[in-house]
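Structure at a glance
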Amino acid sequence: MRTDVHSHILYGVDDGAKNRKESLLMLDAARECGLERIVATPHYIRAWKDRQEARRVFAELAPEAGKRGISLVLGSEFSIREFESDRIGFIKNELCFEDSNALLLELGKYTTLEEAQDAIYPLQRHDISIIIAHPERNVYFQKERDYFKEFLFMGCTLQLSAECLLLPAVNPRRRAAKRMLSAKAYRFIASDAHSAEDYKTFAILKQKYRF
């Protein structure tokens, strides 16, 4: 099944789709990409996000996705800065992809390996499968050629946000992404779409890079 595991398609809950019309345009553009399944991954930042609103918008859009032949799944993009060990139950029950135990985990630009391990290992001990969102944005992935192997060794999977392939060739994000693509380090190549235009761009990149 052709799946997008990272999309900000739920309107009004984060920096993605601004309104219902934009969400529907995103669904139309995703259908043109040939996608059959989209994981809606609104940012979860406890201080300023309402998870209940995300659930309401998801319930509204899921039937619209179905009309277009797309299965819409609710997940989240969870910032490592939000990790607290006493909230793992909440993370597992509320923020993982609803049809699995997968969690899309966003590292900070300067998150170190040790900081990542402090969150990842406790989550894994609770049977949560970690997908690292766009690791090419982290400076250590950019600077150290084999840094990604540390995360693969931990049992994480890696997700490329395809839009970085449009950056200039000398951009460190693009260089890191191309290196990891060559090494077949990525398990997922996602849109990280925030608008219908992002899905149109994703369609072009899918054709160019054959993913």
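Our structure's up above, just so we're on the same page.
Residues numbered from 1 in each chain as written. Predicted model: local features only at pLDDT ≥ 70, side-chain atom pairs only at ≥ 80, totals over all residues. Heavy atoms only, no water.

**Quick word on the overall build of the chain**
In plain terms, the rule: Working definition: helices are DSSP H or I runs of at least four residues, strands are E runs of at least two. Numbering for both runs from the N terminus. Throughout, the radius of gyration refers to the C-alpha atoms, and the reference size of a globule is 2.2 Å times the residue count to the power 0.38. Relative accessibility thresholds used throughout: buried, under 20% of the residue-type maximum; exposed, over 50%; partly exposed, between the two (1.4 Å probe, protein chains only). Any two residues having at least one pair of non-hydrogen atoms within 4.5 Å are treated as being in contact.
The secondary structure content of the chain amounts to eight helices and nine strands. Relative to the globule expectation of 17 Å for 211 residues, the C-alpha radius of gyration of the chain, 16 Å, shows essentially globular dimensions. Considered along the principal axes of its C-alpha atoms, the chain spans approximately 45 × 45 × 30 Å. By the burial criterion, 52% of the 211 residues in the chain qualify as buried. Here the contacts in the chain between residues at least 6 apart in sequence split such that 77% fall between residues at least 24 apart.

**Digging into the sheet that holds strand 4 (residues 71-74)**
Rules: Note: two strands are recorded as paired if DSSP finds a minimum of 2 bridges between them. Interaxial angle, 0 to 180 degrees, is taken between N-to-C directions of lines fitted to C-alpha atoms, where a helix line uses only the stretch in contact.
The strand order 1-2-4 describes an open sheet built from three strands, whose pairing is parallel. Each of the sheet's edge strands pairs with one partner strand only, and the pair in question is strand 1 (3-7) and strand 4. Each neighbouring strand pair of the sheet contributes to a mean axis angle of 20°, computed without reference to strand direction.

**Notes on the nonpolar core**
What counts is decided by this rule: Here, nonpolar core refers to any group of buried Ala, Val, Leu, Ile, Met, Phe, Trp, Tyr and Cys residues whose side-chain atoms link them within 4.5 Å.
Residues L10, F151 and Y199 are the most contacted members of the largest nonpolar core, which totals 62 residues. Residues within four places of F151 in sequence aside, it is in contact with L107, L113, A116, I120, I132, F141, C156 and L158. Within the second largest apolar cluster, nine residues are counted, among which are F97, A102, L104 and I131.

**Re a negative patch on the surface**
Quick reminder of the rule: Note that patches include only residues with greater than 30% relative accessible area and no salt bridge, and the join distances are 9 Å for like charges and 5 Å for nonpolar side chains (Val, Leu, Ile, Met, Phe, Trp, Tyr). With residues, only the protein chains shown are counted as cover, and all accessible areas are computed by Shrake-Rupley using a 1.4 Å probe. When a carboxyl oxygen of Asp or Glu lies within 4 Å of a side-chain nitrogen of Lys or Arg, that pair is called a salt bridge. When charges are counted, neither His nor the chain ends are considered; positive counts come from Lys and Arg and negative counts from Asp and Glu. Lys charges are placed at NZ, Arg charges at CZ, Asp charges at CG and Glu charges at CD.
The grouping of E114, E115, D118, E144 and E150 at the surface amounts to a negative patch. Position of E115 relative to the elements: it lies in helix 4 (residues 113-125). In this structure E115 comes out as partly exposed when scored by relative accessible area, which is 44%.

**Here's the deal with the state of the cysteines**
Counted only if it meets this: When the sulfur atoms of two cysteines come within 2.5 Å, that pair is taken as a disulfide.
Applying the stated criterion across every chain, the model contains zero disulfides. For the unlinked cysteine C33, the closest cysteine sulfur is that of C164, found at 16 Å. Unpaired in this structure, C96 has its nearest cysteine sulfur neighbour in C156, at a distance of 13 Å.

**Concerning the pattern of salt bridges**
Evaluation of the coordinates by the stated rule reveals 17 salt bridges. Here R37 and D99 are joined by a salt bridge, their closest N and O atoms 2.8 Å apart. Within this pair, whereas R37 is found in strand 2 (residues 37-40), its partner D99 is found in the loop between helix 3 (88-95) and strand 6 (102-106), the two being separated by 62 residues in sequence. The exposure class of D99 is partly exposed, given its relative accessible area of 45%. A salt bridge links R56 to E53, with the nearest nitrogen and oxygen atoms 2.8 Å apart. Here R56 and its partner E53 are both found in helix 2 (residues 51-67), three residues apart, which amounts to about one turn of the helix. Taking the relative accessible area as the measure of exposure, E53 reaches 27% and is therefore partly exposed. Linked through salt bridges whose partners overlap, the residues forming this network are R20, D28, R31, E53, R56, E60, E64, K67 and R68.

**Considerations on the pairing of strand 7 (residues 129-133)**
Stated precisely, the cut-off is as follows: Handedness of a crossover is defined as follows: orient the strands so they point away from the viewer, and if the path from the first strand over the helix to the second runs clockwise, the crossover is right-handed.
Counting buried positions along strand 7 yields four of five residues, so the element is predominantly enclosed. Pairing of strand 6 with strand 7, which is carried by five bridges, proceeds in the parallel orientation. Bridge assignment links L105 to a residue of strand 7, and that residue is I132. Running through helix 4, the crossover from strand 6 to the neighbouring parallel element strand 7 is right-handed. Direction of pairing for strand 7 relative to strand 8 (residues 157-161): parallel, over a ladder of three bridges. Among the inter-strand pairings, I132 is bridged to a residue of strand 8, identified as L158.

**Section: the packing of aromatic side chains**
Convention followed: Paired rings are identified among Phe, Tyr and Trp, the last through its six-membered ring, by centres lying within 6.5 Å, and are further divided according to the angle between planes into stacked (under 30 degrees), edge-to-face (over 60) and tilted (the rest). We call a charge positioned above a ring when the Lys NZ or Arg CZ atom is no farther than 6 Å from the ring centre and deviates by at most 35 degrees from the ring normal.
With the rule as written, the count across this model stands at eight aromatic pairs. Note on F141 and F151: the rings are 4.9 Å apart at their centroids and 40° apart in plane angle, and the pair reads as tilted. Of this pair, F141 sits in helix 5 (residues 139-143) while F151 sits in helix 6 (residues 148-153), and the two are ten residues apart along the sequence. As far as burial versus exposure is concerned, F141 and F151 are alike and both buried. When the centroid spacing of 5.6 Å and the interplanar angle of 55° are considered together, the rings of Y147 and F151 count as tilted. The buried category is assigned to F151, whose relative accessible area is 0%. Put simply, the rings of Y140, F141, Y147 and F151 touch in pairs and so form one group of aromatic residues. One Lys or Arg, R87, reaches over the ring of F90 and ends 4.6 Å from the middle of that ring.

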